[in-house]
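One letter stands for each residue in the lines below.
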Amino acid sequence: MGVYIAKRLAASAVTALLASIVVFLLVRSVPGDVVGQMLGQTSDPVAAKALREFFGLDQPVWRQYASWLGRVLAGDFGTSWTRGQPVMGMVGSALGVTIQLAAATLVLATAIGVPLGILAAIYEGRAPDRIVQAFNLLGLAAPVFWIGLMLLVGMSASFDWSPPLMYVPLHESVSENLSMIALPVLSLALLQAAAYSQFVRQSIVSALGQDYVRTAVAKGLSTRTVFFRHLLRNIGIPLVTFMGLILIQILGGAVIIESLFALPGLGRLLLSSIETRDYPVLQAGLLVVVVIAMLVNLVVDLSYRIIDPRVRLS
Amino acid sequence: MNASSVDPTFRQRVAKHARRLRHEPDLLIGLVLSGFVLLVVLFPGLFAGHSPLAVNVDRAMEAPSATHLFGTDDVGRDVLARVVYGARITLSICASALVLAALIGGVLGLLSGFVGGRIDMLFGRLIDVVLSFPPIIFGVMVTGILGPKTTNLIFALTVVYVPLFFRIARSGAMAEAGMIYVEAARSMGLSQGRILLRHIARNVLPVILVQCMVLFPLVLQIQSALGFLGLGVQPPTPDWGAILQQGKDYILLAPWMSAFPGLAILITALALMLVGRGLQRRMDRR
């Protein structure tokens, strides 16, 4: 197990390194940089040259990359070129918001999606199944930002309520924080709940046709035992894989939802750093996203073994 | 192709497939809805009486009425016309990205799976790098950095979906390469290239085509999300995501500016999902 984890981490590190090179080259492959943004059209060439030297933008790209990588490996993500704050702190606080959003969404999506999926599977082909399937299809087809917009309209029209415009962290005011993230979480969760329930239904329906279920029923085991001890255990692995996928999807969806609801999360930070060409922030933010996605995948693969000891990791 | 040249067994096959539709209401609904969307794409003039670009500030933000079924936007343009003419723009971008991704991913995947060795290693690494980003974030990164232009948007969507086609084509090629018919072809002295093109590619193609249909709604979601973030097609061109982006600022004053383009995305995605699933099911059954 230890060897497996080490190998996986090494492979992930190589991919993350390649990804960081891609990002680095991409941001430097286009005309326009932070200096142009700062000084505007009527820039003084002497000042521009001095600023470029200050940011190291006059160096060859490979040297810029090497010095960036060296500092990152030493734990220093540098300073934001537009705000002058340490990148680490900016990314950290934005990540906190996105993690809260993702965690709440995952909980809500699981709480809605799993029971719906089980319900649909039990009543396969009958009315409850049809209704759940219609919900799934609509949930998967509706764009997440559109759900968010329509929730805003609906809340405003029926309760004369709109979410606050300024984000308040959870530790400052629980109620204000929750009223700020309620609609974003709901918009993201509806889509993921649909995906979840679709998946759970499909897994159970196909498991019900398997021999081991038939054997368990024929042995005279109660429905409850068959369901919890036999069936759920066997669909555990795909379910955990799916949870990982959903988490990564929420991370992506957060970019859109954060920009719609003005949440200061990682997605908004990425968007604003792209706009202002704030390379240190952009590079750090993207690296964090890639590393999180990789860790989620690793944890998913490791949990296979806990769920099913027969699984061999190689 | 004229009618007499159609081989009768082909016609029988079409008839058989059509008959089976009666037992698959979801696929039928999907086909009808997709047909409707296709009609809108091909003949927008049939569905919209106004120009999608004609500005009329005196009639800005009017609620839906008989003259403007979907209402008007912040500069008095007809929302129905914008949604109808937007179908062609939005869907042609998605379709081009899909075709390019299927082509590039398919060719690279076939090569990787059939040739193996170092090529397989190299392609595999590149694909892993793309897959290490959540798709939307990759799209935001590419379009954001390269600039909001239609070609950049198509490029970003293509790169995001190449890995999926690559994997399908690669595993298909690997599975087919071990088949007896390939060995037979080889022992008959056929060249590697010929085996790959005439035999393996031909057997992997249907899987890739079905995958195109399955992925279409997902491409549409990402395309419109990028448009919504202002990173896609730029106004005043009517693209569904871009219309929603403009409507966002007036969401409480003129919700119809956002409601209808969103519904258009929903209906199109639903139609394509139903068709994709139906095709996938038929494929799995074989």
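Per chain, residue numbering runs from 1 following the sequence as it is written. Just so you know, chain letters begin at A and ligand numbers begin at 1, following the order they were written in. Owing to the predicted nature of the model, reporting of local features is limited to residues with pLDDT of at least 70; listing and counting of side-chain atom pairs is limited to 80 or more, with chain, interface and lining totals taken over all residues.

S.K.: Help me understand the overall build of chain A, please; the structure alone is not making it clear to me.
M.R.: Strands here mean DSSP runs of E at least two residues long; helices mean DSSP runs of H or I at least four residues long; both are numbered from the N terminus. The helix and strand inventory of chain A stands at 13 helices and zero strands. Overall size of chain A, expressed as C-alpha extent along the three principal axes, is 85 × 60 × 35 Å. Put plainly, a residue is buried at 20 or more neighbouring C-beta atoms within 10 Å of its own, exposed at 12 or fewer, and partly exposed in between, counting only other residues' C-beta atoms, which are placed from the backbone. Counting all 314 residues of chain A, 33% fall into the buried class.

S.K.: Looking at this structure, how should I read the overall build of chain B?
M.R.: Within chain B, the regular secondary structure consists of 10 helices and zero strands. Overall, chain B shows an N-to-C arrangement of helices and strands of α-α-α-α-α-α-α-α-α-α. Projected onto its principal axes, the C-alpha positions of chain B cover 75 × 50 × 30 Å. Among the 286 residues that make up chain B, the fraction classed as buried is 47%.

S.K.: What's the story with the environment of A:A189 in this structure? I'm lost.
M.R.: All names here are of chain A. Residue placement: A189 occurs in helix α8 (residues 174-208). Under the C-beta neighbour-count criterion, A189 is labelled buried, with 26 such atoms within 10 Å. It is 9.1 Å that separates the C-alpha atoms of A189 and G113, two residues lying 76 residues apart in sequence. C-beta atoms are placed from the backbone for every residue, and two residues are taken to be in contact when these atoms lie within 7 Å. With near-sequence residues (within four places) excluded, A189 lies in contact with T105, L108, A109 and I112.

S.K.: Can you help me understand the nonpolar core in this one?
M.R.: Side chains of a nonpolar character, in soluble globular proteins, are inclined to be buried together. Counting 155 residues, the largest nonpolar core has A:F145, A:I256, B:V140, B:Y161, B:F165 and B:V219 as the members making the most contacts within it. A per-element tally of this core places helix α3 (residues 79-115) of chain B first, with 18 residues. Contact partners of B:Y161, with chain neighbours within four places excluded, come to B:A97, B:L98, B:A101, B:L215 and B:V219. The term nonpolar core refers to a group of buried residues, namely Ala, Val, Leu, Ile, Met, Phe, Trp, Tyr and Cys, whose C-beta atoms join them within 7 Å.

S.K.: Please explain the packing of helix α5 (residues 135-146) of chain B against helix α8 (residues 192-228) of chain B as it appears in this structure.
M.R.: Residue and element names in this part refer to chain B. Here an angle of 0 to 180 degrees is reported between the N-to-C directions of two axes, which are lines fitted to C-alpha atoms, with helices fitted over the stretch in contact. It is the contact of α5 with α8, at a shortest axis distance of 10 Å, that shows an interaxial angle of 45°. In this view, α5 runs oblique relative to α8, as classed from their interaxial angle. Handedness of the α5/α8 crossing: right-handed. Contact residues: P135, I136, G139, V140 and T143 in α5; I222, A225 and L226 in α8. Ten residues, namely Ala, Val, Leu, Ile, Met, Phe, Trp, Tyr, Cys and Pro, are considered nonpolar, four, namely Asp, Glu, Lys and Arg, are considered charged, and the remaining ones, Gly among them, are considered polar. Looking at the contact of α5 with α8 residue by residue, the classes come out as six nonpolar, two polar and no charged. Between 65 and 115 degrees an angle is taken as roughly perpendicular, under 35 as roughly parallel, over 145 as roughly antiparallel, and anywhere else as oblique. The hand of a helix crossing depends on one turn: near helix anticlockwise from the far one by less than a right angle means left-handed, and clockwise means right-handed.

S.K.: Help me understand helix α7 (residues 180-187) of chain B in this model?
M.R.: Each α-helix turn comprises 3.6 residues. Residues three or four places apart therefore point the same way. Counting buried positions over the eight residues of α7(B) gives zero, only a small fraction of the element. Phi for B:G189, located one or two positions after α7(B), is positive at around 90°.

S.K.: Before we go on, may I ask you to explain the environment of A:R224 in this structure?
M.R.: Residue and element names in this part refer to chain A. In this structure, R224 sits in helix α10 (residues 223-234). Judged by the 8 C-beta atoms lying within 10 Å of it, R224 falls in the exposed class. With 210 residues separating them along the chain, R224 and V14 place their C-alpha atoms 46 Å apart.

S.K.: Explain the packing of helix α6 (residues 150-177) of chain B against α8(B) to me, please; I cannot follow it from the model alone.
M.R.: If you want to describe how two helices pack, look at the angle between their axes and the distance between the axes. All names here are of chain B. As a packed pair, α6 and α8 sit with axes 9 Å apart at the nearest point and diverge in direction by 155°. Taken together, the axes of α6 and α8 are roughly antiparallel relative to one another. When you trace α6 past α8, the crossing you get is right-handed. Facing α6, whose interface residues are L153, L157, V160, Y161, L164, F165, I168, A169, G172, A173, E176 and A177, α8 presents I200, N203, V204, V207, I208, Q211, L215, V219, I222, Q223 and L226. Of the residues assigned to the contact of α6 with α8, the class counts are 18 nonpolar, four polar and one charged.

S.K.: When you look at the environment of B:Y161 in this model, what are you seeing that I'm missing?
M.R.: All names here are of chain B. Looking at the element boundaries, Y161 is found in helix α6. Its 25 C-beta neighbours within 10 Å are what place Y161 among the buried residues. For the pair Y161 and L218, spaced 57 residues apart in the sequence, the C-alpha separation amounts to 9.8 Å.

S.K.: Teacher, can you tell me more about the confidence of the model for chain B here?
M.R.: Where the model shows low pLDDT, its predicted coordinates should not be examined in detail. Residue and element names in this part refer to chain B. Every residue gets a pLDDT, meaning the predictor's confidence in that residue, from 0 to 100. Scored by pLDDT, chain B comes out at a mean of 88, with 97% of its residues at no less than 70. Mean pLDDT in chain B bottoms out at helix α1 (residues 8-20), which sits at 80, and peaks at α3, which reaches 93. Under the prediction, the complex receives an ipTM of 0.87, its pTM being 0.88.

S.K.: What is the right way to read helix α11 (residues 236-261) of chain A from this model?
M.R.: All names here are of chain A. Taking 1.5 Å of rise per residue, the 26 residues of α11 would be expected to cover 38 Å, and the 35 Å separating its terminal C-alpha atoms lies within 8% of that figure. A254 marks where α11 bends most, by close to 35°. Note on α11: the residue one or two positions beyond its end, A262, has a positive phi of about 55°. To estimate the expected span of a helix, subtract one from its residue number and multiply by 1.5 Å. The angle separating two fitted axes, one through the seven residues that finish at a residue and one through the seven that start at it, defines the bend at that residue.

S.K.: Just checking my understanding: could you explain the confidence of the model for chain A for this structure?
M.R.: Per-residue confidence for chain A gives a mean pLDDT of 85, with 98% of residues at or over 70. Confidence, expressed as mean pLDDT per element, reaches its minimum in chain A at helix α2 (residues 34-39) of chain A with 72 and its maximum at helix α6 (residues 127-141) of chain A with 93.

S.K.: Where do I start with unusual backbone geometry in this structure?
M.R.: Excluding glycine, a negative phi dihedral is what most residues carry, and trans is how most peptide bonds are arranged. Put simply, B:P235 and B:P236 share a cis peptide bond, and its omega is 10°. The topology assignment puts B:P236 in the loop between α8 and α9 (240-248). Although it is not a glycine, A:A262 sits at a positive phi angle of roughly 55°. Examined against the element boundaries, A:A262 turns out to sit in the loop between α11 and α12 (266-275). Classification of A:A262 as partly exposed rests on a count of 15 C-beta atoms within 10 Å. In this model, A:R277 sits at a positive phi of 55°, which is unusual for a non-glycine residue. The class for A:R277 is buried, based on 20 C-beta atoms found within 10 Å.

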